[in-house]
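# Observations on the model geometry
Each chain is listed here by its residues.
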Amino acid sequence: MSDGDGELEARLVEQEEFEPSDEFVEQANVSDPDIYEEFEENWPDCWERAADLLDWEEEYETVLDDSNEPFYEWFSDGTINASYNCVDRHVENGDKNRVAIKWEGEYGETRTYTYQDLYREVNEFAAALRDMGVEEDEVVTLYMPMVPELPIAMLACARIGAPHSVVFAGFSADALATRMNSADSDYLVTCDGYYRRGDALDHLEKANEGLEGVDHDVEATVVVDRLGDDGFGHELAENQHDWDDLMDEQRGERVEPVERDAEDMLFLMYTSGTTGEPKGVKHTTGGYLAYTAWTSHAVLDLKPEDTYWCSADIGWITGHSYIVYGPLALGTTTVMYEGTPDFPERDRLWDIVEKYAVDVFYTAPTAIRAFMKWGSKFPERRDLSSLRLLGTVGEPINPRAWKWYYKHIGDEECPVVDTWWQTETGGMMITTLPGVKNMKPGSAGPPLPGIDARIVDTEGEEIEPGRAGYLTVNKPWPGMLRTLYKNDERFIDEYWAEYSDEDADEWVYFPEDGAKIDEDGYMTILGRVDDVINVSGHRLGTMEIESAIVGVEGVAEAAVVGGNHEVKGEAVYAYVITEDGYEGDDEMRSRIIEGVEDAIGPIARPEQVVFTPELPKTRSGKIMRRLLEEIANEEELGDTTTLRNPEIVTDIQAKVQGD
Ligand code: WTA
């Protein structure tokens, strides 16, 4: 490293605030600082600006209907079709030859879909769904890896007004069955398999196993043939159809986009919460699409001529909002990559950025921490000069990782947007507008224009800068979840009850995150305050993992916490009590790991399983998770005086350190 670099490095370490370059600001979609004030003064009509990015069939007259709080409705007298907005209108506007999806498989094969190609395939698959009997408002489950057929199926569902429920391909058979049962879904679209680090994985076997756990008749399953000759030779059952055969049958078919009410459901997305049962987050058509299009425009600064890449999986909300709906609504080229960042080598992502001249790149801090560990020589091998803007999402990013990203990927030229949001919020909520605000590494930034986020104490009172409190959102926004599927009561309990004063008619949304604010109104997110942990940016409920462990033969009780992990952010630590007559040995440990993988998937696999005769409990019998976290993190232990069994803590600590 030359001296110049050394100085630069030292300056970066010190620097706490970064300005976007004039060059970036000049070309930014949003660069007028008055936008914050304008949205505040003009709220809720300011949100017309988001809705204006879309083509409505029937123009709405009401922006916000708050007559039934907290069941807010947005643009509710308008009608719209999401598939029309993401596909047809670009074809009609003369952009049929622009690339919509650029897909790359792990082995380097590529597929390119222009908007015209997408239009044709979405129509044909919509016709196939109709032919199979899918009707408007019937939930279609999509259990698929990162293949282009996944966004095609999503848009085909949207076209006919059938909400989709995408289940992450890494989830287990049991997880698929639970979600299909909960959504009462009679249709499944899946895939024979996919590639991971060079190996073909059998996905259909898992899907079939999941189907066995479905408690109602499944009408039909569609199977995409991804593996060809590498396939596992499964015979399709009678009600299972090959994707290509269906598409051949429907060649040239066109399906009119169904006119949907703005408030009709676009999709369901299951996510983890405090209890063991996943929550079916309901998003609707008009508000969600307007919000994802708006944030893609204002924060990701997407323009139709951009090549944009979000490296998330479509099986999570990030992929829904910022691989599929937001970018396609704006007519951008969106990149999809099937595989892992280190196959065949650790420069794979930078290879893709170089090859397609990616303009805007959006990823997760866990990935950035892995890139840092691998070293800057990998990005240095590639030409990344096409990049204009970088983003992160999913978990807090520490200043060191932020600065590494800024320097080694963005060459100190690209603003970095650290975007805080959730499955429930539909789109970004707290982050800098890159063409307006300076960035402060480690802080997501101020709430976006029109978003009224605050940090409060346990009484709901706003607290002073610098102190940790609870994040709340005090006004509704168009991308918000509308309810938990078929469970309005849980919706209220989980998100609104805490600080809301029903009599005063003040409904406050509670995201379950801790946060602090600085003098400039920038917010730093400190992490979840409920029993949800964040493993490699994947949101997991400790209760779900605990119930999987307790389901293993010979386990009496289990407590799961998140412990710090260098790359994953958090990792799963399980403390387990065995039943009498069972040994806490390696065999038991493997059965526990297998049990978790079967119930949820490999992402929830415990990093460490610690056997203990007791768990630290308060006198009222509550497990003291804080202590278990401190043990996992090898931190100094806090107060143990309220415990019924304080002596167990040092025993457990000795075991963890001994392992
Ligand atoms: C966390 C992912 C800090 C947070 C879009 C939130 C973040 C949960 C950030 C939602 C960020 C997300 N900084 N923490 N920029 N973004 N989180 O539903 O705890 O999978 O509540 O949505 O991730 O996770 P979810």
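Rules used throughout
Residues numbered from 1 in each chain as written. Predicted model: local features only at pLDDT ≥ 70, side-chain atom pairs only at ≥ 80, totals over all residues. Heavy atoms only, no water. UniProt positions renumbered as here; feature names shortened; annotations may be inferred. Helix = DSSP H or I, 4+ residues; strand = E, 2+ residues; numbered from the N terminus. Pairing = 2+ DSSP bridges. Axes fitted to C-alpha atoms, helices over the stretch in contact; angles between N-to-C directions. Phe/Tyr/Trp six-rings, centres within 6.5 Å; stacked < 30°, edge-to-face > 60°. Buried < 20%, exposed > 50% of the residue type's maximum accessible area, 1.4 Å probe, protein only. Near = heavy atom within 4 Å. Polar contact = N/O pair within 3.5 Å; in protein donor to acceptor, adjacent residues only side chain to side chain. Areas by Shrake-Rupley, 256 points an atom, 1.4 Å probe, with all protein chains shown as cover. Nonpolar A, V, L, I, M, F, W, Y, C, P; charged D, E, K, R; others polar.

Named according to an unreviewed UniProt entry, the protein chain is Acetate--CoA ligase originating from Halopelagius longus. What the UniProt record of the protein chain gives under Sequence similarities (unreviewed entry) is the line "Belongs to the ATP-dependent AMP-binding enzyme family."

It is worth spelling out the UniProt feature "domain: AMP-binding enzyme C-terminal" (unreviewed entry) in the protein chain at this point. Those places that UniProt annotates as "domain: AMP-binding enzyme C-terminal" (unreviewed entry) correspond, in this numbering, to residues 544-622. In residues 544-622, helix accounts for 27% and strand for 32%; the two terminal C-alpha atoms are 18 Å from one another.

Another point: the sheet that holds strand S4 (residues 99-104). Strands sit in the order S5-S4-S17-S16-S18-S19-S20 across an open sheet of seven strands; the sheet is mixed. Strands at the two margins of the open sheet, each flanked by one partner only, are strand S5 (110-114) and strand S20 (416-419). Taken over all neighbouring pairs, the strand axes of this sheet differ in orientation by 20° on average, direction set aside. Two elements, strand S19 (residues 389-393) and S20, share four bridges in a ladder whose sense is parallel. Among the inter-strand pairings, Gly391 is bridged to a residue of S20, identified as Val417.

The next subject is the UniProt feature "domain: Acetyl-coenzyme A synthetase N-terminal" (unreviewed entry) in the protein chain. The sites that UniProt annotates as "domain: Acetyl-coenzyme A synthetase N-terminal" (unreviewed entry) are residues 34-86. Between the end C-alpha atoms of residues 34-86 there is a gap of 30 Å, over a span that is 30% helix and 11% strand.

Let us look at the pairing of strand S28 (residues 555-565). Across 10 bridges, the pairing between S28 and strand S29 (residues 569-578) is antiparallel. When the bridges of S29 are listed, Gly562 appears paired with Val572. Following S28, the chain reverses through three residues before pairing antiparallel with S29.

With respect to topology, four strands assemble into an open sheet ordered S21-S22-S24-S25, the strand pairing being antiparallel. Every other strand in the sheet has two partners, leaving strand S21 (453-456) and strand S25 (523-528) as the edge strands with one partner each. On average, each strand axis in the sheet is tilted by 45° relative to the strand beside it, whichever way the strands run. Bridge count between strand S22 (residues 469-473) and strand S24 (residues 513-517): two bridges; the pairing is antiparallel. Among the inter-strand pairings, Gly469 is bridged to a residue of S24, identified as Ala515.

This part covers the packing of aromatic side chains. A complete count under the given rule lists 35 aromatic pairs for this structure. Between Phe267 and Tyr325, the ring centres sit 6.3 Å apart and the planes meet at 5°, which makes this aromatic pair stacked. Linking Phe267 in strand S14 (residues 265-271) with Tyr325 in helix H12 (residues 317-329), this pair joins segments that are 58 residues apart in sequence. Residue classification places Phe267 among the buried positions, given a relative accessible area of 0%. Classification of Tyr325 by relative accessible area gives buried; the value is 0%. Ring geometry for Tyr322 and Tyr362: centres 5.9 Å apart, planes at 85°, overall edge-to-face. With Tyr322 in helix H12 and Tyr362 in strand S18 (residues 360-363), this residue pair connects regions lying 40 residues apart in the sequence. Note on accessibility: Tyr322 and Tyr362 belong to one class, buried. Each residue in the set Phe71, Tyr72, Trp477, Phe491, Tyr495, Trp496 and Tyr509 is aromatic and connected to the rest through ring pairs, giving one cluster.

Inspection of the region around the ligand gives 17 residues, with Asp418, Thr419, Thr423, Asp513 and Arg539 positioned closest. Between the ligand and the protein, one listed contact pairs a nitrogen atom with a side-chain N or O atom of Asp418 at 2.8 Å. In the complex, 96% of the free accessible area of the ligand, which totals 530 Å², lies under the protein chains. Going through the elements one at a time, H12, S20 and S25 are the ones with two or more residues in the shell around the ligand. Across the shell around the ligand, the residue classes break down as six nonpolar, six polar and five charged.

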